[in-house]
Amino acid sequence: MSAIQRAAPLMYLNAALHVLVPILGLFSTATLIMLPVALLYGAFGWGLSRDWRSLGYFVFVCAAFGGVVAYGFATATAAPLSWAYWGIVGVDALVAVMLFLALWRPRPAISG
């Protein structure tokens, strides 16, 4: 299993947390936007499980940006809903760090 593939289960967890937000938010219009994002993150997890390195760069940016957006929502909402947002922040941060380390690690030196 490659380092990129190790981020795939976290993207699936991230998608599940995005489905949890509308449930905890009682399906308000502000939380329903998370359902298409959940589908997108699930597709990202599927692509990462196939070891698509080029997708990894895009997912890195999405996870970093999504974590910042989720942080904003987590600090502005009440307790049960904010817990889901804090979970998204944590998983997004972990995915971003994992992909950063996998995609921008130094190349091994060629000796000869």
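Our subject is the structure that appears above.
How each quantity is defined
Residues numbered from 1 in each chain as written. Predicted model: local features only at pLDDT ≥ 70, side-chain atom pairs only at ≥ 80, totals over all residues. Heavy atoms only, no water. Core = buried A, V, L, I, M, F, W, Y, C linked by side-chain atoms within 4.5 Å. Buried < 20%, exposed > 50% of the residue type's maximum accessible area, 1.4 Å probe, protein only. Helix = DSSP H or I, 4+ residues; strand = E, 2+ residues; numbered from the N terminus. Phe/Tyr/Trp six-rings, centres within 6.5 Å; stacked < 30°, edge-to-face > 60°. Axes fitted to C-alpha atoms, helices over the stretch in contact; angles between N-to-C directions. Parallel < 35°, antiparallel > 145°, perpendicular 65-115°, else oblique. Contact = heavy atoms within 4.5 Å. Nonpolar A, V, L, I, M, F, W, Y, C, P; charged D, E, K, R; others polar. Left-handed = near helix turned anticlockwise from the far one by under 90°. Expected span 1.5 Å × (residues − 1).

Just to check I follow, could you spell out the nonpolar core for this structure?
Nonpolar side chains in soluble globular proteins generally cluster together in the buried interior. Residues Leu48, Val59, Val95 and Leu99 are the most contacted members of the largest nonpolar core, which totals 30 residues. Listed by contribution, the elements that provide at least two residues to this core are helix H1 (8–24), helix H2 (34–49), helix H3 (53–74) and helix H4 (79–103).

In this structure, what is going on with the packing of aromatic side chains? I would like to understand it.
By convention here, two paired aromatic rings are described through the distance between centres and the angle between planes. Evaluation of the coordinates by the stated rule reveals 9 aromatic pairs. Consider the rings of Tyr71 and Trp86, whose centres lie 5.4 Å apart with planes at 80 degrees: the pair is edge-to-face. In this pair, Tyr71 is assigned in helix H3 and Trp86 in helix H4, connecting sequence segments 15 residues apart. Owing to a relative accessible area of 45%, Tyr71 belongs among the partly exposed residues under this scheme. Trp86 gets classed as partly exposed once you look at its relative accessible area, which sits at 39%.

Looking at this model, I keep getting lost on the packing of H1 against H2. Mind explaining?
Helix-helix packing is described using two parameters, namely the angle between the two axes and the distance between the axes. Direction vectors running N to C along H1 and H2 enclose 170 degrees, while the axes themselves pass 8 Å from each other. With respect to each other, H1 and H2 are oriented roughly antiparallel. Each of Ala8, Met11, Tyr12, Asn14, Ala15, His18, Val19, Val21 and Pro22 in H1 lies in contact with H2, whose residues at this interface are Met34, Leu35, Val37, Ala38, Tyr41, Gly42, Phe44, Gly45, Trp46, Leu48 and Ser49. Counted by class, the contact of H1 with H2 contains 15 nonpolar, 5 polar and no charged residues.

Which parts of the structure should I look at to understand the packing of H3 against H4?
Running from amino to carboxyl end, H3 crosses H4 at an angle of 150 degrees, the nearest separation of the two axes being 8 Å. When the interaxial angle is binned, H3 and H4 end up roughly antiparallel. As H3 packs across H4, the resulting crossing turns out to be left-handed. When the residues that make up the contact of H3 with H4 are grouped by side-chain class, the tally is 19 nonpolar, 4 polar and 2 charged.

How should unusual backbone geometry be read in this particular structure?
Of note in this structure, Leu26 is not a glycine but carries a positive phi near 55 degrees. The class for Leu26 is exposed, based on a relative accessible area of 72%.

For this particular structure, what's the right way to read H2?
Structural remark: α-helix, 3.6 residues per turn; residues separated by three or four positions point the same way. Taking 1.5 Å of rise per residue, the 16 residues of H2 would be expected to cover 22 Å, and the 22 Å separating its terminal C-alpha atoms lies within 8% of that figure. Taken residue by residue, H2 has Met34, Ala38, Tyr41, Gly42, Phe44, Gly45, Gly47 and Leu48 as its buried positions. If you follow the buried residues of H2, they end up packed against H1, H3 and H4. Phi for Asp51, located one or two positions after H2, is positive at around 65 degrees.

Looking at this structure, how should I read the environment of Leu13?
Summarising the element assignment, Leu13 is placed in helix H1. With a relative accessible area of 42%, Leu13 lands in the partly exposed category. With 89 residues separating them along the chain, Leu13 and Ala102 place their C-alpha atoms 19 Å apart.

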